[in-house]
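Below, each chain spelled out in residue letters.
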Amino acid sequence: MKMKKTILALLLAGASASAFALPFDKYSLNRDDLPEEAREFLTTHFPKGKVSMIKVDKHLLKKTDYDVKLVNGTKIEFNNAGKWTSVDCKTREVPEALVIRPIRKYIERNFPDTKIVKIEKKTFGFELELSDGIEVKFDRLGTFKSVEMND
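No experiment lies behind these values; they were computed from the predicted model shown.

**Student:** Which parts of the structure should I look at to understand the nonpolar core?
**Tutor:** Across soluble globular proteins, nonpolar side chains show a tendency to be buried alongside one another. Judged by nonpolar contacts, the single largest core of 31 residues is most densely connected at Phe41, Phe78, Val87 and Ile107. Other than its neighbours up to four places away in sequence, Phe41 contacts Phe46, Ile76, Phe78, Trp84, Val87 and Leu98.

Next up, the structure:
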């Protein structure tokens, strides 16, 4: 009888441990796996963009987020509500509508021969990467904060 209880306890422990070992990520090509706001974002800003992968990243204690990769290499990250947090177009320019006017004007004035290829929304504001590798940071209102040259 004691042996059966021990085996049962081991089986239950193994089953519960394996449940936590399973990955929480789901991969898909179906835009319906995204929140409505994320689907609208893709339709508005990347109307011809074909999805090559959607990663639904379910965190154990945090909310779900979404990573979308387009066939052209563009990577877009969304939070659980479907709001974009990062757009990386690699060598292409990010859609102009994603960059608030004060930032666009600053970049046009100070970096005239570059284009914005990546933009991230951070707690403090925005981080941009330009086509020449320069990273520029702005606050939420678009006021310049710092610039970093990458070698």
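**Student:** What am I meant to see in the pattern of salt bridges here?
**Tutor:** Here the idea is simple: oppositely charged side chains can pair when their charged atoms come close. All chains considered together, the criterion is met by 10 salt bridges. For Lys118, the salt bridge identified is with Glu120, shortest N-O distance 3.6 Å. A relative accessible area of 21% places Lys118 in the partly exposed class. A relative accessible area of 19% places Glu120 in the buried class. A cluster of three or more residues bridged by salt bridges with shared partners is formed by Lys118, Glu120 and Lys122.

**Student:** Looking at this model, I keep getting lost on the side chain of Thr74. Mind explaining?
**Tutor:** Tracing the sequence through the fold places Thr74 in the loop between β3 (65–70) and β4 (75–78). You can call Thr74 buried: its relative accessible area is 1%. Within the local environment of Thr74, its side chain forms a polar contact with the side chain of Asn72, the two groups lying 2.9 Å apart. Ignoring anything within four residues of it in the chain, the contact list for Thr74 reads Phe46, Val68, Lys69, Asp88 and Cys89.

**Student:** In this structure, what is going on with the layout of surface pockets? I would like to understand it.
**Tutor:** Once rolled over the atoms, a probe with the size of a water molecule shows which space is left empty. Taken as a whole, the largest pocket encloses approximately 170 Å³ of empty space. Glu93, Val94, Glu96, Val99, Arg104, Ile107, Glu108, Phe111, Pro112, Thr114, Lys115 and Ile116 are the residues that line the largest pocket. Its residues assigned to classes, the lining of the largest pocket shows six nonpolar, one polar and five charged.

**Student:** Could you clarify how one ought to interpret helix α3 (residues 101–110) in this entry?
**Tutor:** Since the α-helix packs 3.6 residues into each turn, any two residues three or four apart lie on the same face. Residues of α3 that are buried: Ile103, Tyr106 and Ile107. For α3, the arc enclosing every buried residue in end-on projection is 95°, short of the 170-degree limit, so these residues lie on one face. Turned more than 90 degrees off the buried face of α3, the exposed positions are Arg101 and Arg109. Summarising the contacts, the buried residues of α3 are in contact with β6 (116–121), β7 (125–130), β8 (135–139) and β9 (144–148).

**Student:** Is there a simple way to think about the environment of Trp84 in this case?
**Tutor:** Summarising the element assignment, Trp84 is placed in strand β5 (residues 84–88). The exposure class of Trp84 is buried, given its relative accessible area of 10%. Discounting chain neighbours no more than four positions away, the residues touching Trp84 are Phe41, Glu77, Phe78, Leu98, Ile119 and Lys121.

**Student:** Help me understand the packing of aromatic side chains, please; the structure alone is not making it clear to me.
**Tutor:** Any pair of aromatic rings gets described here by the distance separating the centres and the angle formed by the planes. Enumeration over the complete set of coordinates arrives at seven aromatic pairs. Both rings, one in Tyr106 and one in Phe138, keep their centres 5.4 Å apart while their planes meet at 80°; by these two values the pair is edge-to-face. Of this pair, Tyr106 sits in helix α3 while Phe138 sits in strand β8; the two residues are 32 residues apart in sequence, bridging distant segments of the chain. Using a relative accessible area of 0% as the deciding quantity, one classes Phe138 as buried. Through a chain of ring-to-ring contacts, three or more aromatic side chains come together here, namely Phe41, Phe46, Phe78 and Trp84.

About the criteria used
All chains use their own residue numbering, which begins from 1 and follows the written sequence. This being a predicted model, a pLDDT of at least 70 is required before a residue's local features are given, and a value of 80 or more before pairs of side-chain atoms are given or counted; all residues contribute to the totals for chains, interfaces and linings. Heavy atoms throughout the structure, all of them, feed into the side-chain values; hydrogens and water do not. For this analysis, a nonpolar core means a set of buried residues of the types Ala, Val, Leu, Ile, Met, Phe, Trp, Tyr and Cys, connected via side-chain atoms within 4.5 Å. The cut-offs for exposure are 20% and 50% of the maximum accessible area for each residue type, with area from a 1.4 Å probe on protein chains only; residues under the lower value are buried, those over the upper are exposed, and the others partly exposed. Contacts: residue pairs with any heavy atoms within 4.5 Å of one another. Salt bridges are defined as contacts in which a side-chain nitrogen from Lys or Arg sits within 4 Å of a carboxyl oxygen from Asp or Glu. Under the scheme used here, helices are H or I runs from DSSP no shorter than 4 residues and strands are E runs no shorter than 2 residues, and both carry numbers assigned from the N terminus. Any N or O atom pair separated by 3.5 Å or less is treated as a polar contact, with the protein-specific requirement of one donor-capable and one acceptor-capable atom, and with residues adjacent in sequence counted only for side-chain atom pairs. Note on definitions: the grid is 1 Å and covers protein atoms alone; a cavity is a set of points where a 1.4 Å probe fits but cannot get out; a pocket is an open set with protein on both sides within 12 Å along at least five of seven lines; lining residues have an atom within 4 Å of a point. Grid points are joined across faces, edges and corners, and a volume is the space filled by probe spheres set on the points. Gly is placed with the polar residues, together with every amino acid not listed as nonpolar (Ala, Val, Leu, Ile, Met, Phe, Trp, Tyr, Cys and Pro) or charged (Asp, Glu, Lys and Arg). It is the directions from the helix axis to the C-beta atoms whose arc is reported. Only the six-membered ring of Trp is used, alongside the rings of Phe and Tyr, when aromatic pairs are assigned; centres must lie within 6.5 Å, and planes under 30 degrees apart are stacked while those over 60 apart are edge-to-face, with the rest tilted.

By themselves, these are just geometric observations and shouldn't be taken as functional.
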